[in-house]
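# Secondary and tertiary structure notes
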Amino acid sequence: MKHEMTDKEYGEYVKRKTPNSHLFSNCVKAFVSGGIICVIGQCILTVFKKCGLDEETAGTATSIVLIFFGALLTGLNIYPKIAKFAGAGTVVPITGFANSVVSPALEAKTEGMVLGVGAKIFTIAGPVILYGIFASWIAGIVYFIMSLL
């Protein structure tokens, strides 16, 4: 005869099996790790400005460098190790976006360059890029209509 669990027994079972959450330490690691990434970005931005680039160009160049290093570290399997330690601290900065674009492509490389890497690279980035383009298009129409008034 099979024993049916009561709600209380099930609740106790879930408590035993669920790992303890280390919320405070996870938040501290995410904050510090994300902060370090942002400090690195600020240092890169400062170097570009000192080299004579204007604010906008230096910001664009900084984004490109951070995306490149995020993708490179993902390809070298270093970024996932950092992300495992830091959690959300590595997801929020632009390097997290680079990681989310490169990771599916690396996982699919056994399927070939076109059907694997070429198709899977946009698994995460595709919707983000599509939304960005669509939102920009809507904002442009709204701006155009507002400028007519």
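Up top is the structure.
This section reports on the structure supplied with the text.

### What to know about the layout of surface pockets
In this structure, the largest pocket occupies an estimated 260 Å³ of space. As for the largest pocket, its lining consists of 14 residues, and the residues nearest its centre are Ile37, Ile40, Leu73, Tyr79 and Ile82. Contributing elements (two or more residues each) for the lining of the largest pocket: helix 2 (23–50), helix 3 (55–75) and helix 4 (79–86). Across the lining of the largest pocket, the residue classes tally to ten nonpolar, four polar and no charged.

### A word on unusual backbone geometry
Negative phi values dominate among residues other than glycine, just as trans dominates among peptide bonds. Positive phi outside glycine occurs at Asn77, with the angle close to 65 degrees. Tracing the backbone shows Asn77 in the loop between helix 3 and helix 4.

### Regarding the pattern of salt bridges
Counted under the stated rule, the structure contains one salt bridge. For Lys49, the salt bridge identified is with Glu55, shortest N-O distance 2.7 Å.

### Concerning the packing of helix 2 against helix 4
The relative placement of two packed helices comes down to the angle between their axes together with the axis-to-axis distance. The N-to-C vectors of helix 2 and helix 4 enclose an angle of 140 degrees; their axes lie 8 Å apart at closest approach. In terms of orientation, helix 2 lies oblique with respect to helix 4. Side by side, helix 2 and helix 4 meet where Lys29, Ala30, Ser33 and Ile37 of the first sit next to Tyr79, Phe85 and Ala86 of the second. Taken together, the residues of the contact of helix 2 with helix 4 break down into five nonpolar, one polar and one charged.

Rules and cut-offs
Residues numbered from 1 in each chain as written. Predicted model: local features only at pLDDT ≥ 70, side-chain atom pairs only at ≥ 80, totals over all residues. Heavy atoms only, no water. 1 Å grid on protein atoms, 1.4 Å probe; cavity = no way out; pocket = protein on both sides within 12 Å on 5 of 7 lines; lining within 4 Å. Points joined across faces, edges and corners; volume = space filled by probe spheres on them. Helix = DSSP H or I, 4+ residues; strand = E, 2+ residues; numbered from the N terminus. Nonpolar A, V, L, I, M, F, W, Y, C, P; charged D, E, K, R; others polar. Salt bridge = Lys/Arg side-chain N within 4 Å of Asp/Glu carboxyl O. Axes fitted to C-alpha atoms, helices over the stretch in contact; angles between N-to-C directions. Parallel < 35°, antiparallel > 145°, perpendicular 65-115°, else oblique. Contact = heavy atoms within 4.5 Å.

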